[in-house]
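In case you want the letters, here they are:
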Amino acid sequence: MTARKPYSQACENNKQVILEKLATLFSGPKTILEIGTGTGQHAVHFARNLPHLTWQPSDHPSNYQLSEPWLSEANLPNISEPLSLNVSASDWQIPTISGVFSANTAHIMSWPEVEAMFQGVSANLQAHEAFCLYGPFNYSGLFTSASNEQFDTHLKQQNPAMGIRDMDDLKRIGSDNKLVLESDFEMPANNRLLVWRVHGT
Ligand SMILES: C[S@@+](CC[C@H](N)C(=O)[O-])C[C@H]1O[C@@H](n2cnc3c(N)ncnc32)[C@H](O)[C@@H]1O
């Protein structure tokens, strides 16, 4: 019997435009850690279309098994077993990776968790390797759309620790962790794809 698959319409809407960017950003053979994999729809789409990558899904201990139905149905040779990973853990205890992808996580995590994510990413990547972070972001304290502002209000009603993050704050914690913002790509539906690269000589 096949388990009922969790489903995200947002993933279906954005997976192709994200894939087109990742194809360039992660063009060589690499192991990519995905933080906050969720349903696994992104993992399946990216691993299937970028067979030179090894995709390492992960999610919070309370959620990391959510992707199992999508991953087992896809049965792709280049997707590893999902890891239980809370970004706040002091030692991530993950295999060697050479890139990181995360979608729609920074506004769900509390701010200390976002800081922990940047610290952990930096600790686990080498110089010049990339961290791709997708989602909605603010600029100089301003929302980029009315719908993002409504979304932020909705998030904070659920949990005041959640909310759309500001680019100035992200750049500051990036700089604290040797992560330099290399690109900020406009994506559909008022989202962005931020590419951070580990600073190195
Ligand atoms: C809105 S969902 C996004 C899921 C998927 N990436 C997507 O785009 O549909 C946010 C994800 O962040 C994960 N998350 C929240 N806090 C986390 C933490 N402290 N460590 C790791 N993952 C976390 C949740 O478990 C959830 O899978």
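Residues numbered from 1 in each chain as written. Predicted model: local features only at pLDDT ≥ 70, side-chain atom pairs only at ≥ 80, totals over all residues. Heavy atoms only, no water.

Caption draft 1: Fine view of unusual backbone geometry. The backbone phi angle of Gln93 is positive, close to 50 degrees, even though this residue is not glycine. Within the secondary structure, Gln93 sits in the loop between β3 (83-84) and β4 (99-103). Residues other than glycine seldom take positive phi values, yet Ala189 does so here, at roughly 60 degrees. Along the chain, the position of Ala189 falls in the loop between β8 (179-187) and β9 (191-198). (Helix = DSSP H or I, 4+ residues; strand = E, 2+ residues; numbered from the N terminus.)

Caption draft 2: How the structure looks around the packing of aromatic side chains. Scanning the model with the defined rule gives five aromatic pairs in all. Here a set of aromatic residues connected by ring pairs shows up, and it is made of Phe46, Trp55 and Phe101. Here Lys21 stacks its cationic end above the ring of Phe185, 4.1 Å away from the centre of that ring. (Phe/Tyr/Trp six-rings, centres within 6.5 Å; stacked < 30°, edge-to-face > 60°. Lys NZ or Arg CZ within 6 Å of the ring centre and 35° of its normal.)

Caption draft 3: Quick look at the environment of His107. With respect to the helices and strands, His107 occurs in the loop between β4 and α4 (111-124). Along the chain, His107 and Phe137 lie 30 residues apart, while their C-alpha atoms are 8.5 Å from each other. With residues up to four places along the chain from it excluded, the contact list for His107 reads Pro136, Phe151, Leu155, Met162, Gly163, Ile164 and Arg165. (Contact = heavy atoms within 4.5 Å.)

Caption draft 4: The arrangement of the pairing of strand β2 (residues 53-59) in detail. Most of β2 is tucked away, with six of its seven residues classed as buried. Across five bridges, the pairing between strand β1 (residues 30-35) and β2 is parallel. Paired with Ile32 across the strands is Trp55, a residue of β2. The parallel pair β1 and β2, bridged by helix α2 (residues 41-49), forms a crossover whose chirality is right-handed. Where β2 meets β3, two bridges bridge the pair, whose relative direction is parallel. Within β3, the position partnered with Asp59 by the bridge is Ser84. This β-α-β element, β2 to helix α3 (residues 68-74) to β3, shows right-handed connectivity. (Buried < 20%, exposed > 50% of the residue type's maximum accessible area, 1.4 Å probe, protein only. Pairing = 2+ DSSP bridges. Right-handed = clockwise from strand over helix to strand, strands pointing away.)

Caption draft 5: Spotlight on the site of the ligand. Looking at the ligand, there are 17 residues lining it, with Gly36, Asp59, Asn63, Asn86 and Ala103 nearest. Between a nitrogen atom of the ligand and a side-chain N or O atom of Asn86, the distance comes to 2.9 Å. About the coverage of the ligand: the protein hides 85% of its 590 Å² of free accessible area. Looking at the shell around the ligand residue by residue, the classes come out as six nonpolar, nine polar and two charged. (Near = heavy atom within 4 Å. Polar contact = N/O pair within 3.5 Å; in protein donor to acceptor, adjacent residues only side chain to side chain. Areas by Shrake-Rupley, 256 points an atom, 1.4 Å probe, with all protein chains shown as cover. Nonpolar A, V, L, I, M, F, W, Y, C, P; charged D, E, K, R; others polar.)

Caption draft 6: Region of interest: the sheet that holds β9. On the basis of which strands lie adjacent, the open sheet formed by seven strands has the order β3-β2-β1-β4-β5-β9-β8 and mixed pairing. Both outer strands of the open sheet, β3 and β8, are each paired with one neighbouring strand and no more. In terms of strand pairing, strand β5 (residues 130-135) meets β9 through six bridges, oriented antiparallel. In the sheet register, Gly135 faces β9, and the bridge partner there is Arg192. Strands β2, β4, β5, β8 and β9 of the sheet are contacted by helix α1 (residues 9-25), whose axis makes an angle of about 140 degrees with β8. Taken strand by strand, α4 contacts β1, β4, β5, β8 and β9, and its axis lies near 150 degrees from that of β5. (Axes fitted to C-alpha atoms, helices over the stretch in contact; angles between N-to-C directions.)

Caption draft 7: Up close: the nonpolar core. Counting 26 residues, the largest nonpolar core has Leu22, Phe46, Trp55, Ile79, Phe101 and Cys132 as its most contacted members. Mapped onto this core, the elements with two or more residues apiece are α1, α2, β2, α3, β4, β5 and β9. Contacts of Phe46, omitting those with residues within four sequence positions, involve Lys15, Ile18, Leu19, Leu22, Trp55 and Phe101. In terms of nonpolar packing, the next biggest core, distinct from the first, is built from 25 residues, Val100, Phe118, Phe131 and Leu179 among them. (Core = buried A, V, L, I, M, F, W, Y, C linked by side-chain atoms within 4.5 Å.)

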